[in-house]
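# Coordinates in review
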Amino acid sequence: MKRWLLWVPLLVFAVLMVIAGSRLLVPPQTVVKSALVGKPLPDFTLAPMVAGKPGVTRADFATGKPRLLNVFASWCVPCIAEAPHLMRLRQAGVEIDGIAIRDTPEAIGAFLARNGDPYARIGSDGQSQVQIGIGSSGVPETFVIDGRGRIAMQHIGDIREEDVPRLLQALEDAR
Amino acid sequence: MSLLLSLVLAAGAPADFGYVQIPDAAKEAQAAELMAELRCLVCQGQSIHDSDVDMAADMRRIVRQKIAAGEQPQAVRAWLVERYGSYVTYDPPFSWTTAPLWLAPLLLLGAGLWLARGTLKRRRK
Amino acid sequence: MIAEAGLAALWLAAAMALLQLACAGLGLRLKQDELVAAVRPVAIVQGVLAALSFGLLILLFLQSDMSVLLVAQNSHSAKPWLYKFAGAWGNHEGSMLLWVTVLALAGAAIAVLEHKLDRATLTATLGAQAFIALGFYAFLVIASSPFTRLDPPALDGMGLNPLLQDPGLAFHPPTLYFGYVGLSIAFSFAVGAMVTREVGPVFARAMRPWILGAWVFLTLGITAGSYWAYYELGWGGWWFWDPVENASLMPWLAATALLHSVNVLAARDGLRAWTLMLAVVAFSMSMLGTFLVRSGILTSVHAFAVDPTRGSFILVLLAIYIGGALALYGARVGRVKAGQGFDLLSREGGLVLNNLLLSVILGIVLIGTLYPIVAQAMGQQLSVGPPFFNKTTGPIALLLVAAMSAGPLLRWRRDEANALLQRVTVPIAAALLAMAAMFAAAPGTGWMEIAGLGLAAGLTIASFAPLWKRNLLRTPLFTWGMVVAHFGVAVSLAGMAADSAFTSERLVAARYGQPYYVGPWRVVLNGVAPVMGDNWSAVEGRVTATRGEGSTPLLLTPQRRFYSSPPTDTAEASIRTRADGQLYAVLGAQDAEGRWQLRLWWKPFVTLIWFGGALIALGGALSLIGRVFRERRNTKRREDAE
């Protein structure tokens, strides 16, 4: 038997160790990113969620001004945590549209009364069809849509204090 | 008990494609095969066919609606991959990054045969 | 007091392992017979101390001593005694202590029982065994002591994860551990042999019972785990190629290959270097599996407490042991004399084919399991699941089954192609007949299912062929073992193919009293009722199923359970077993119109999968008993002759 062949197992094992060890240093990604970032927002139309506020359609974007599209729900706890930061973004002049997932008008009404209402429009996505259509895999998630209706950025999870300047910057860049 | 039942009530409305099969058995078979190969995005260790969570039901609904409307399973899969990347399918599409994975069985078989052949030939009387 | 005594016993056992390693290492190097002679008794003392430590831990759990952190975190005074008992290893610390206890007891058993192997190799083996044990003792006392006190004591414990409150817990993890430890013994033997370069039939016969024993436990563990997941997870699946499942399958594949190659080494003194390699690989796969499961670097459906710190500890141990053994392999095996030569068309040739195919399957499972990590490093999120594994390992496994049918009918040393063809005519005819019948009866079936059922039919006949024209009472027990194990593979394969080809699934929004049909069954939901358990409440569906006119109805009671602490919502499937399959029902939610979501499966012959698994394990056990008795008798005869 050729001598070098006997060292191949050790080599293979070393490669295995590097793979396993690297994964300990860099933990697995638990979030699934939308593959549509950088691509145009797909076409959709959502009925209004609450009285007195319009629903959301594809045509509301691509108006020359970047907007935030926030995927949320009244039953989602992190959504309560991010509500004040959305209000701050709103106060900074950002236009925010909401997509409410599997929700009812009463629950959303109560949610907005309690946590504030930063939304220009809220669409009702009762069966997460639009959520899946834009490649979002959970609530809350926030998309930056540029003036031409392209998805410029996706923020997964609740918006924390430190995310606010990042989002403002992304909105500025998307102009 | 009434509280318990109301909890169950809120959990979802079963009478739709998220929970009920396509009447056409051939189409349902196509959908079932595809759903078993699509990964549930929030539970992460299960296919949408096997998962209990609402999001999996919402994905099943889309799959069944599209298949019932006459789309091919490959097209439905491609539609989802377009949105979530190859993470969403348990059947990794062949590409430069997955080439080593798909070629591994052939390479292993080749290497194994080479090892065994060398041994057997050398030892044959 | 008990906890302190347990900890003291653990430390003493660790000290004994260190002493055992020192005596073996120095004794062999300095050629000091006194030191070498001390190794056996020290190994026995180590085993006793470790067992004492584990016994004391069980006692703490049975007494519900809430001043011990581990008990407070994992037990509850109101739990049934079986779960208190099993709770001792239903957690990380306890399971590691069980691991090292079995390891130490196995070392003691070698010290007591092994008398054929030359002294140097045996000493090196026990030294390697002590070296492995030391790593796990260090792991226990440094990073995961099971005896840590809690001050002040807890009022009561936190209980056990509801999914784990199942008799499966008492059975499934320990069986896998016994398997892993058995493989570590085979590994120690291989290291011992590499140190002394004494690789031959005597060595193979000394190692074989440990491999067989490990393999029996691994087979049982995997079979039980598969059935446990099948009824607990509630979606009718029995294998999902999940990382945790693959982690248990990989050592089994390596052990199966090793089991066959060691026979070549024992009978024909061939495959020396390869058998050593497999012994190292088999243990490294069980360590890698433990690492994958405990570190949480891969996402899985199965419940496990994960902790990256412990993961890195296991990884370091893995690197030391396996890296060391492979370095020894590279340096030493080149000087192990090449074994006997053999012909392609012979029993040895068949076993080489077996090893080749099993190793390829092992390689595919390993690469497929780890590939998502590699892909992430390349910047892509990827999932590798059932479609990949079925497409790649399926055909190879079927090829293996075909080879398995012919292998045991080959003669050692040399055989004739014509003679072999004659012997396999009947099995081949049976396989073709079964495939044709299947094709005629269910034309839409996939080729893998057809091939699977056909090969299962062929293997069923072929597996019994070695008994043909033999006196069944005089046939050695290990031959019976082989026959039963191979037959078990045929049975299991038939179950898998039948389940895959014939399962009917029905999802309905059920109204009370309305009939629904799944397979040959007519199923009616008569109502739901609340049910209360010790620590859960549930809605229970009352479902009756009838098959044909006038048959007695079966009652199924699927539940939707709500556990209070920790708050969890689980579906309890209801399963009814018939001779030709299982009816499986799961209750879902109720909709606004009062209909209940009901999932029904009729799974023809699905039970054969686990029945076959049990047969495979039984075959291994028969073989083990047969081998041990044969060795005993031979030793006795030799002594008498002298």
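Residues numbered from 1 in each chain as written. Chains lettered and ligands numbered in written order. Predicted model: local features only at pLDDT ≥ 70, side-chain atom pairs only at ≥ 80, totals over all residues.

Chain C is annotated in an unreviewed UniProt entry as Heme lyase CcmF/NrfE family subunit of Sphingomonas tagetis. Chain C has a UniProt comment under Function (unreviewed entry) that states "Required for the biogenesis of c-type cytochromes. Possible subunit of a heme lyase." Listed under Subcellular location (unreviewed entry) in UniProt, the entry text for chain C is "Cell inner membrane". (UniProt positions renumbered as here; feature names shortened; annotations may be inferred.)

As annotated in an unreviewed UniProt entry, chain B is Cytochrome c-type biogenesis protein from Sphingomonas tagetis.

## Notes on the overall build of chain B
Across its full length, chain B holds five helices and zero strands. Start at the N end of chain B and walk to the C end: the helices and strands fall as α-α-α-α-α. Within chain B, the fraction of its 125 residues that count as buried is 37%. Long-range contacts, defined as pairs at least 24 residues apart, comprise 49% of the intrachain contacts of chain B with a sequence gap of at least 6. (Helix = DSSP H or I, 4+ residues; strand = E, 2+ residues; numbered from the N terminus. Buried ≥ 20, exposed ≤ 12 C-beta atoms within 10 Å, placed from the backbone. Contact = placed C-beta atoms within 7 Å.)

## Remarks on the interface of chain B and chain A
The partner chain A presents 12 residues to the 13 residues of chain B that form the contact. Those elements that place two or more of their residues in the side of chain B that touches chain A are helix 3 (54-68) and helix 4 (73-84) of chain B. Examining the composition of the side of chain B that touches chain A, we find that six residues originate from one element, helix 3 of chain B, more than from any other. A breakdown of the residues in the side of chain B that touches chain A according to their chemical character gives seven nonpolar, one polar and five charged. (Nonpolar A, V, L, I, M, F, W, Y, C, P; charged D, E, K, R; others polar.)

## Here we look at the domain arrangement of chain C
Size of an interface: often given as the accessible area lost when the parts come together. As assigned here, chain C comprises domain 1 (416-501 + 612-642) and domain 2 (504-604). A C-alpha centroid distance of 38 Å is found between domain 1 of chain C and domain 2 of chain C. (Domains from an automatic or database assignment.)

## Focus: the UniProt feature "transmembrane region" (unreviewed entry) in chain B
Following the UniProt record, one finds the feature "transmembrane region" (unreviewed entry) at residues 94-116 of chain B. The annotated region residues 94-116 of chain B carries 78% helix and 0% strand content, and the separation between its end C-alpha atoms amounts to 30 Å.

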